[in-house]
Amino acid sequence: MNSATVTVLWVTSLLMILCTLVFTYRSFRARTEIKHFYYLTALITLIAATLYMTMASGYGGIGQNGRVILFGRYIDWVITTPLLLMNLALIALPRNFPSRFAVIGTMIAADVYMIVSGLGASLIRSNFRWAFFAVSCAGFLAVLYFIVVKLTPEANVRSEPVQRHYSTLSIMLIALWVCYPIVWILGTEGFGVISLLPEVVLYAVLDILAKGAFGFVLLSKPSVLLEADQET
Ligand code: RET
């Protein structure tokens, strides 16, 4: 890794820590019933900060035939993407939704599968990695299915403000998440059209938007959160 790449990793770690501090501070002022949204959001950026720090200090990657595989990002994603989905699902589904646990649990299982098989794809050098890429995409499609087919119709029978907040968040989440496999294809793990530095920059920007900006938008409407995460 060259020094520019290391700098990008450190700067991203710092930005994630800043987000964590802001979210934690705001949790102190939040109403008890919705504090868990703040804790989840802060935990997501804290985990990212930790893994970025690990990668920046040279422990979140391995060298393979002169190539660096930053597996640390998969450790970050395997914990944070389930938490992001949980945050979204808790807005769509009311507390007394009969299969709330099953829907969220299955969606998260598909998501974990997506990240773990993505890690497999990144560690394999032969063209067999594309088989792992394909099954990871299948996991991703399952996650999108849960969002679009299971969560969205439930959110759409809620009050107007809940519908609007869910719609903003789900569109933002899908728009950002589809960029990850695209960067993978272009980056050093895929076709290698771009080198490690731009790859790290692109993932860093995506991670800041998908965790930090998403968190700010999610927490920007406490009254809607209060209404969403209730019995109907
Ligand atoms: C990989 C490569 C294999 C195919 C697919 C992928 C999808 C990754 C996604 C990651 C999302 C990460 C987020 C991180 C935190 O903010 C593993 C890149 C489908 C969707 C949102």
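Residues numbered from 1 in each chain as written. Predicted model: local features only at pLDDT ≥ 70, side-chain atom pairs only at ≥ 80, totals over all residues. Heavy atoms only, no water.

## Considerations on the overall build of the protein
Put simply, the test is: To qualify as a helix, a DSSP run of H or I must reach at least 4 residues; to qualify as a strand, a run of E must reach at least 2; elements of each kind are numbered from the N terminus. Note that the radius of gyration is over C-alpha atoms, with the globule rule given as 2.2 Å times the number of residues to the power 0.38. Exposure classes here rest on a 1.4 Å probe applied to the protein chains alone. A residue is buried below 20% of its type maximum, exposed above 50%, and partly exposed in between. When checking whether two residues touch, look at their non-hydrogen atoms; a contact exists if any pair is within 4.5 Å.
A tally of helices and strands in the protein yields nine helices and two strands. At 18 Å, the protein has a C-alpha radius of gyration in line with the 17 Å of a compact globule built from 232 residues. For the protein, the C-alpha atoms occupy an extent of roughly 55 × 35 × 20 Å along the three principal directions. Counting across all 232 residues of the protein, residues that qualify as buried make up 48%. Sequence separation of 24 or more characterises 75% of the internal contacts of the protein that already satisfy a separation of 6 or more.

## Regarding the packing of aromatic side chains
Remark: the centre distance and the inter-plane angle together describe each pair of aromatic rings, the angle taken between the planes. Test applied: Classification of ring pairs uses Phe, Tyr and Trp, with its six-membered ring standing for Trp, and accepts pairs whose centres are within 6.5 Å; under 30 degrees between planes counts as stacked, over 60 as edge-to-face, and the remaining range as tilted.
In total, this model carries twelve aromatic pairs according to the counting rule given. Measuring from centroid to centroid gives 6.5 Å for Tyr25 and Phe28, while their planes differ by 85°, and the two rings are edge-to-face. A residue pair is termed a helical-turn pair when its members lie 3 or 4 positions apart in one helix, as Tyr25 and Phe28 do in helix α1 (residues 3-29) at three residues. Owing to a relative accessible area of 47%, Tyr25 belongs among the partly exposed residues under this scheme. Residue class for Phe28 comes out exposed when judged on its relative accessible area of 58%. Centre to centre, the rings of Trp77 and Tyr180 are 5.2 Å apart; their planes meet at 85°, and the pair counts as edge-to-face. Of this pair, Trp77 sits in helix α3 (residues 72-92) while Tyr180 sits in helix α7 (residues 179-186); the two residues are 103 residues apart in sequence, bridging distant segments of the chain. Here Trp77 matches Tyr180 in class, with each residue buried. One aromatic cluster is present, built from ring pairs that chain together Tyr74, Trp77, Tyr180 and Tyr203.

## Some words on the pattern of salt bridges
How we decide: Take a side-chain nitrogen of Lys or Arg and a carboxyl oxygen of Asp or Glu: if they are within 4 Å of each other, that pair is a salt bridge.
Going through the model one piece at a time under the given rule, you end up with eight salt bridges. For Arg73, the salt bridge identified is with Glu199, shortest N-O distance 3.0 Å. Of this pair, Arg73 sits in helix α3 while Glu199 is found in helix α8 (residues 196-219), placing the two residues 126 residues apart along the sequence. Each member of the pair, Arg73 as well as Glu199, carries the same accessibility label: buried. The salt bridge partner of Glu160 is Arg164, with a shortest N-O separation of 3.8 Å. Here the residue Glu160 and the residue Arg164 both occupy positions in helix α6 (residues 160-177), the gap between them amounting to four residues, near one helical turn. Salt bridges here are not isolated pairs; linked through shared partners, they connect Arg73, Glu189 and Glu199.

## Focus: the confidence of the model for the protein
Caution applies to low-pLDDT regions: their predicted coordinates should not be interpreted in detail. What counts is decided by this rule: pLDDT expresses, on a scale from 0 to 100, how confident the predictor is about each individual residue.
Here the protein averages 97 in pLDDT, and 100% of its residues register 70 or above. Scoring of the predicted complex yields 0.97 for pTM and 0.99 for ipTM.

## Digging into the packing of helix α4 (residues 100-123) against helix α5 (residues 129-155)
For any two helices packed against each other, one specifies the inter-axial angle together with the distance between the axes. Worth spelling out the cut-off: In this analysis, axes come from line fits to C-alpha atoms, helices being fitted only over the stretch in contact, and the angle between any two N-to-C directions falls in the range 0 to 180 degrees. We call two directions roughly parallel when the angle between them is under 35 degrees, roughly antiparallel when it is over 145, roughly perpendicular when it lies between 65 and 115, and oblique otherwise. Two helices crossing with the near one rotated counterclockwise from the far one by less than a right angle form a left-handed crossing, whereas a clockwise rotation gives a right-handed crossing. Gly counts as polar in this scheme, as do all residues outside two lists: the nonpolar Ala, Val, Leu, Ile, Met, Phe, Trp, Tyr, Cys and Pro, and the charged Asp, Glu, Lys and Arg.
Running from N to C, α4 and α5 point in directions that differ by 160°, and their axes come no closer than 8 Å. As judged from the angle between their axes, α4 and α5 are roughly antiparallel. The crossing of α4 and α5 is left-handed. Residues of the contact of α4 with α5, tallied by class, amount to 15 nonpolar, six polar and three charged.

## So, the site of the ligand
Worth spelling out the cut-off: Being near a molecule or strand, for a residue, comes down to having at least one heavy atom within 4 Å of it. A 3.5 Å cut-off defines polar contacts: any pair of N or O atoms within that distance qualifies, except that in protein one atom must be a possible hydrogen donor and the other a possible acceptor, and neighbouring residues in sequence count only when both atoms are side-chain atoms. Note on definitions: the grid is 1 Å and covers protein atoms alone; a cavity is a set of points where a 1.4 Å probe fits but cannot get out; a pocket is an open set with protein on both sides within 12 Å along at least five of seven lines; lining residues have an atom within 4 Å of a point. Occupancy of a cavity or pocket is assigned to a molecule whenever over half of its atoms lie within 2 Å of that pocket's grid points.
Near the ligand there are 17 residues, and of these Trp77, Ser136, Trp177, Tyr180 and Lys211 occur at the shortest range. Measuring from an oxygen atom of the ligand, one finds a side-chain N or O atom of Lys211 at 3.2 Å. The cavity that encloses the ligand is the largest cavity. If you list the elements that add at least two residues to the shell around the ligand, you get α3, α4, α5, α7 and α8. For the shell around the ligand, the per-class residue count stands at eleven nonpolar, four polar and two charged.

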